[in-house]
Amino acid sequence: MRFTTASIIMVLSGLLFVIFKKGYHAMSWAMISEEPQGGFYLGAGGGILNAILGSVYLSVGAIILAILVGLPVALAMNVHMVRHKMWVTVIRFLLDTLWGVPSIVYGAFAFGIMVYFHLRASLLAGIITVALLIVPIITRAFDEALRTIPKGLLETTYAIGGTRSEASFVVFFRQALPGLITAVLLALGRGIGDAASVLFTAGYTDHVPQRLTDPTATLPLAIFFQLSSPIPEVKERAYAATLVLTIIILVISILSRIAGKRFKKYVL
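Everything numeric in this text was worked out from a predicted model, so none of it was measured.

Trainee: Mind showing me how you'd approach the overall build of the chain here?
Mentor: What the chain contains, in helices and strands, is 11 helices and zero strands. Starting at the N terminus, the α and β elements of the chain follow one another as α-α-α-α-α-α-α-α-α-α-α. Considered along the principal axes of its C-alpha atoms, the chain spans approximately 70 × 50 × 30 Å. In the chain, the proportion of contacts linking residues at least 24 apart, taken out of those at least 6 apart, comes to 75%. Working note: accessible area of the chain is about 14,900 Å², and carbon and sulfur atoms make up 71% of it. Charge-centre separation for the chain: the mean point of 21 positive side chains lies 11 Å from the mean point of 12 negative side chains.

If you want it as structure tokens, here you go:
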């Protein structure tokens, strides 16, 4: 266990060191506060504000949709379908299968639907695609948190006259809230850092999207396009964008841990 833990820490430290070493030269206030200017990918001025805000819009919208779908499903499996164990097992198997599907498959599936209905790449299409990708993650992670709650708590709720809805959203939801925060963290980490699923659906633009129907840039795609450039300055900007993405994920992780500890006071 010590060896494995030390190996993980060493790998993470190595990644952070390489990203910081190659990216801090290109890091500046203009890099994170300006949109790309003409010739940005040839070494001209500008920044990656479009990709930063695009990633935030995309991931937050997808998380909201995924919670609206995954939360009721997880509560239904652990409260409303307690007597239908076979169906619960089937649902969990399907969710685990969807969890393992590569993100490019979700992107190709969503792109096929867009072509069929003659839809353009947009922020909304990217949000829906990423939501489909992270729904199994949120649902199964929250389901595992709910399974740790003693079943006697459900029986006690019924004994004092509580309904199934009250047992779901008043009792079980509050008890498993730290688990839900962890589930959101896992899903957000995958959603904000995924490039394959939005490659064909969200499109790419040098401007911050103003409407859901506008195409949007994301940090993973910005990193990919900049690394494809033969110009050394542009490649340094790619590592700077990677550094920004890493910092965003670290901040989200820290805030989620703090929030999880605060909500643990509601757990029996």
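Trainee: Hey, could you run me through the pattern of salt bridges in this one?
Mentor: Where side chains of opposite charge bring their charged atoms close, a pairing between them can arise. Counted by the stated rule, this structure contains six salt bridges. For the salt bridge of Arg 147 with Glu 144, the shortest nitrogen-to-oxygen distance reads 3.2 Å. Of this pair, Arg 147 and Glu 144 both sit in helix 6 (residues 123–147), three residues apart, which is roughly one turn of the helix. Assessed through its relative accessible area of 35%, Glu 144 is described here as partly exposed. Note that Asp 214 and Arg 211 form a salt bridge whose closest N and O atoms lie 3.2 Å from each other. A relative accessible area of 15% places Asp 214 in the buried class. Here the salt bridges share partners, and the residues they tie into one network are Arg 92, Asp 96, Arg 140, Asp 143, Glu 144 and Arg 147.

Trainee: Honestly, the nonpolar core in this entry has me stumped. Any pointers?
Mentor: One recurring pattern in soluble globular proteins is that nonpolar side chains are buried together. Formed by 54 residues in total, the largest nonpolar core has its most connected members in Ile 48, Ile 134, Phe 142, Leu 146, Phe 172 and Leu 219. Every element with two or more residues in this core is listed here: helix 3 (49–80), helix 6, helix 7 (151–159), helix 8 (164–175), helix 9 (177–192), helix 10 (219–227) and helix 11 (232–263). Discounting chain neighbours no more than four positions away, the residues touching Phe 142 are Leu 71, Ala 74, Leu 75, Phe 173, Ala 176, Gly 179, Leu 180 and Ala 183.

Trainee: Which parts of the structure should I look at to understand the packing of helix 8 against helix 9?
Mentor: The angle between the axes and the distance between the axes are what describe a pair of packed helices. In the contact formed by helix 8 and helix 9, the axes pass within 4 Å of each other and the chain directions differ by 65°. Classified by the angle their axes make, helix 8 and helix 9 are roughly perpendicular. Here Phe 173, Arg 174 and Gln 175 of helix 8 lie close against helix 9, whose contacting residues are Leu 177, Pro 178 and Leu 180.

Trainee: Explain helix 8 here, please?
Mentor: Spacing of three or four residues puts side chains on the same side of an α-helix, whose turn is 3.6 residues. Over its 12 residues, helix 8 extends 15 Å from the first C-alpha to the last, a length consistent with the 16 Å expected when each residue adds 1.5 Å. If you check which residues of helix 8 are buried, you get Ala 167, Ser 168, Val 171, Phe 172 and Gln 175. Looking down the long axis of helix 8, one finds its buried residues gathered within 135° of arc, a one-sided arrangement. Check the buried side of helix 8 and you find it contacts helix 3, helix 6, helix 7 and helix 9.

Conventions and cut-offs
- Residues numbered from 1 in each chain as written.
- Predicted model: local features only at pLDDT ≥ 70, side-chain atom pairs only at ≥ 80, totals over all residues.
- Heavy atoms only, no water.
- Helix = DSSP H or I, 4+ residues; strand = E, 2+ residues; numbered from the N terminus.
- Contact = heavy atoms within 4.5 Å.
- Areas by Shrake-Rupley, 256 points an atom, 1.4 Å probe, with all protein chains shown as cover.
- Lys, Arg positive; Asp, Glu negative; His and termini not counted.
- Charge placed at Lys NZ, Arg CZ, Asp CG, Glu CD.
- Salt bridge = Lys/Arg side-chain N within 4 Å of Asp/Glu carboxyl O.
- Buried < 20%, exposed > 50% of the residue type's maximum accessible area, 1.4 Å probe, protein only.
- Core = buried A, V, L, I, M, F, W, Y, C linked by side-chain atoms within 4.5 Å.
- Axes fitted to C-alpha atoms, helices over the stretch in contact; angles between N-to-C directions.
- Parallel < 35°, antiparallel > 145°, perpendicular 65-115°, else oblique.
- Expected span 1.5 Å × (residues − 1).
- Arc of directions from axis to C-beta.

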